[in-house]
Amino acid sequence: MSKESGGQPPWRGQWPVIGAVAVGGALGASARYGASLIWPTPGGTFPWTTLGVNAVGCALMGILMVLITEVWSPHRLVRPFLGTGILGGFTTFSTYVVDIQRLVDARRAALGMACLGATVLAALTGVWAAMAATRALLERRRRSA
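None of these values were measured; they are calculated from a predicted model.

Draft legend 1. Focus on helix 3 (residues 78-90). Where helix 3 is concerned, the buried positions are Val 78, Pro 80, Gly 83, Gly 85, Leu 87, Gly 89 and Phe 90. Buried residues along helix 3 sit in contact with helix 1 (15-38) and helix 2 (48-71).

Draft legend 2. Local environment of the UniProt feature "binding site: Na(+)" (unreviewed entry) in the protein. In the numbering adopted here, UniProt assigns the feature "binding site: Na(+)" (unreviewed entry) to Gly 88 and Thr 91. Relative to the helices and strands, Gly 88 is located in helix 3. Positionally, Thr 91 belongs in the loop between helix 3 and helix 4 (93-105). With sequence-adjacent residues up to four places away left out, Thr 91 is seen in contact with Arg 32, Val 53, Asn 54, Gly 57 and Cys 58. At 2.8 Å, the side chain of Thr 91 forms a polar contact with the backbone oxygen of Leu 87.

Draft legend 3. Just a nonpolar patch on the surface, in detail. A surface patch of nonpolar side chains, amounting to about 220 Å² of accessible area, comprises Val 56, Leu 60 and Ile 63. As for its position among the elements, Leu 60 is in helix 2. Of the residues examined, Leu 60 reaches a relative accessible area of 39% and is grouped as partly exposed.

Parameters at a glance
- Residues numbered from 1 in each chain as written.
- Predicted model: local features only at pLDDT ≥ 70, side-chain atom pairs only at ≥ 80, totals over all residues.
- Heavy atoms only, no water.
- Buried < 20%, exposed > 50% of the residue type's maximum accessible area, 1.4 Å probe, protein only.
- Helix = DSSP H or I, 4+ residues; strand = E, 2+ residues; numbered from the N terminus.
- Contact = heavy atoms within 4.5 Å.
- UniProt positions renumbered as here; feature names shortened; annotations may be inferred.
- Polar contact = N/O pair within 3.5 Å; in protein donor to acceptor, adjacent residues only side chain to side chain.
- Patch = residues over 30% accessible without salt bridge, like charges linked within 9 Å, V, L, I, M, F, W, Y side chains within 5 Å.
- Areas by Shrake-Rupley, 256 points an atom, 1.4 Å probe, with all protein chains shown as cover.
- Salt bridge = Lys/Arg side-chain N within 4 Å of Asp/Glu carboxyl O.

Laid out in structure tokens, this is it:
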């Protein structure tokens, strides 16, 4: 095992970060699971819940990134807890791939490809639009202050 200066293992001191990601991930994944229970997707149909969760999660990530990189300097555990943990657990790109595979297996390949494209487009649009809107709101707030 390589050691950093001072003879300590490289991961020493990272337990709070690991804990923040783990707790945040459990919360985000629980929220995602709850969404799938509230809005289940019948077999062979477009997975609207997964698309919505990914779009909302990416938009929230865009807002978070503007706030923590351009507005304030948060505690070192905020980004791992909210970004990697909660939003990483909430967004569900692994489920998105499973949804596509299920559609292909159900001989709905065109719908699967539509899901593939729509999810990428919604995720990128969500993060971009949320960042732009957050910056615009912050600028408006600065001007009125």
